[in-house]
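# Structural features, examined
If you want the building blocks of each chain, they are given just below.
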Amino acid sequence: MDALTLIIPKEDSLTDDELFRICSANKELRIERDELGQLIIMSPAGSFSSNKNFILNSIFGAWVEAHSNLGVGFDSSGGFILPDRSMRSPDAAWIKKDRWEALTLESQEKFAPICPDFIIELRSKSDKLSQLKDKMEKWLSNGCSLAWLIDPIEQKSYIYMPNEPVTEIIGFHNKLYGDKVLPEFELPLARLI
């Protein structure tokens, strides 16, 4: 099922707290808000995509735990209010520890008003690649330092970094590296086949 965009008149735009309450009351749906205030409603991931996301988050989670002094990790159920007022929920995210700890506990308990330093979006069959690529650019324009778009369907990956051309990695025999943002993190793409 393609994502459904629910048009919200500008004069009726939802506050961040109202959006949080709507999402909490509809946990079976994946809901995001774009920068125009429109709600994007997506069905839950299929079993294939859910399995790939589980593997991805298991590998990433092990690195986050081993490097817990550096930052905090998040799975696909976490939403973030970005500077452009959108609320996005990547498949995996990470925020530097000092930035996360600068937020109030109240902010941390809802959709945190912060752009992650690192995110991963994992394409599923229902995702249009062009829309995901646009979304990746929006992550960067909101302050993300490193973003990976992983496409198990075509076995390609795209690496996004500020002020750099997008790097396309063809084939899942390669690894992705966290470099300066995530020291020592390697993602063997073969695990997602």
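What counts and how
Residues numbered from 1 in each chain as written. Predicted model: local features only at pLDDT ≥ 70, side-chain atom pairs only at ≥ 80, totals over all residues. Heavy atoms only, no water. 1 Å grid on protein atoms, 1.4 Å probe; cavity = no way out; pocket = protein on both sides within 12 Å on 5 of 7 lines; lining within 4 Å. Points joined across faces, edges and corners; volume = space filled by probe spheres on them. Helix = DSSP H or I, 4+ residues; strand = E, 2+ residues; numbered from the N terminus. Nonpolar A, V, L, I, M, F, W, Y, C, P; charged D, E, K, R; others polar. Buried < 20%, exposed > 50% of the residue type's maximum accessible area, 1.4 Å probe, protein only. Contact = heavy atoms within 4.5 Å. Pairing = 2+ DSSP bridges. Axes fitted to C-alpha atoms, helices over the stretch in contact; angles between N-to-C directions. Expected span 1.5 Å × (residues − 1). Arc of directions from axis to C-beta.

## A few points about the layout of surface pockets
- Here the largest pocket is characterised by a volume of approximately 1300 Å³.
- Breaking the lining of the largest pocket down by element, the ones donating at least two residues are helix H1 (16–25), strand E2 (30–33), strand E3 (39–42), helix H2 (47–66), strand E6 (87–88), strand E8 (118–122) and helix H5 (129–141).
- Of the residues that constitute the lining of the largest pocket, the class distribution is 19 nonpolar, 16 polar and 15 charged.
- Residue lining of the second largest pocket: 13 residues in total, with Ser13, Arg33, Glu35, Leu36 and Gly37 positioned closest to the centre.
- Partitioning the lining of the second largest pocket into residue classes produces four nonpolar, four polar and five charged.

## Notes on the side chain of Ser124
- Relative to the helices and strands, Ser124 resides in the loop between E8 and H5.
- Among the residues examined, Ser124 registers a relative accessible area of 11% and is labelled buried.
- When residues no more than four places from it in sequence are discounted, the contact partners of Ser124 are Ser49 and Ile153.

## A look at the sheet that holds strand E4 (residues 71–75)
- One open sheet holds the six strands; their spatial order is E4-E7-E8-E9-E10-E11, and the pairing between them is mixed. One side of each edge strand has no neighbouring strand; the edge strands of this open sheet are E4 and strand E11 (167–170). Taking each pair of neighbouring strands and ignoring which way they run, the sheet shows an average axis angle of 15 degrees.
- Two strands pair when backbone bridges link them, and strand E9 (residues 146–151) and strand E10 (residues 156–160) are joined in this way by five bridges, in the antiparallel orientation. Its bridge partner lying in E10, Ala147 is registered against Tyr160.
- On the sheet, H5 packs against E8, E9 and E10 and is oriented at approximately 170 degrees with respect to E9.

## Some points on empty space enclosed by the protein
- Taken as a whole and assessed by the stated rule, the structure comprises one cavity of 30 Å³ or more.
- The leading source of residues in the lining of the largest cavity is H5, at three residues.
- Grouping the amino acids of the lining of the largest cavity by side-chain chemistry returns two nonpolar, two polar and five charged.

## Topic: the pairing of E2
- The sheet contact formed by E2 and E3 spans four bridges and is antiparallel. For Arg33, the partnering residue across the bridge sits in E3 and is Leu39.
- The loop that links E2 with its antiparallel partner E3 comprises five residues; one of these, Gly37, has a positive phi angle of about 90 degrees.

## Structural notes on H5
- Relative to the 18 Å expected for 13 residues at 1.5 Å per residue, H5 spans 19 Å between its end C-alpha atoms, a close match to the ideal helical length.
- Listed as buried for H5 are Leu129, Leu132, Lys135, Met136, Trp139 and Leu140. Across the axial projection of H5, the buried residues extend over an arc of 145 degrees, all falling on one side.
- In the core, the buried residues of H5 are packed alongside E2, E6, E8, E9 and E10.
- Positive phi appears at Gly143, one or two residues downstream of H5, with a value of about 115 degrees.

## Examining the environment of Ile22
- If you trace the backbone, Ile22 turns up in helix H1.
- Contacts of Ile22, omitting those with residues within four sequence positions, involve Leu14 and Ile31.

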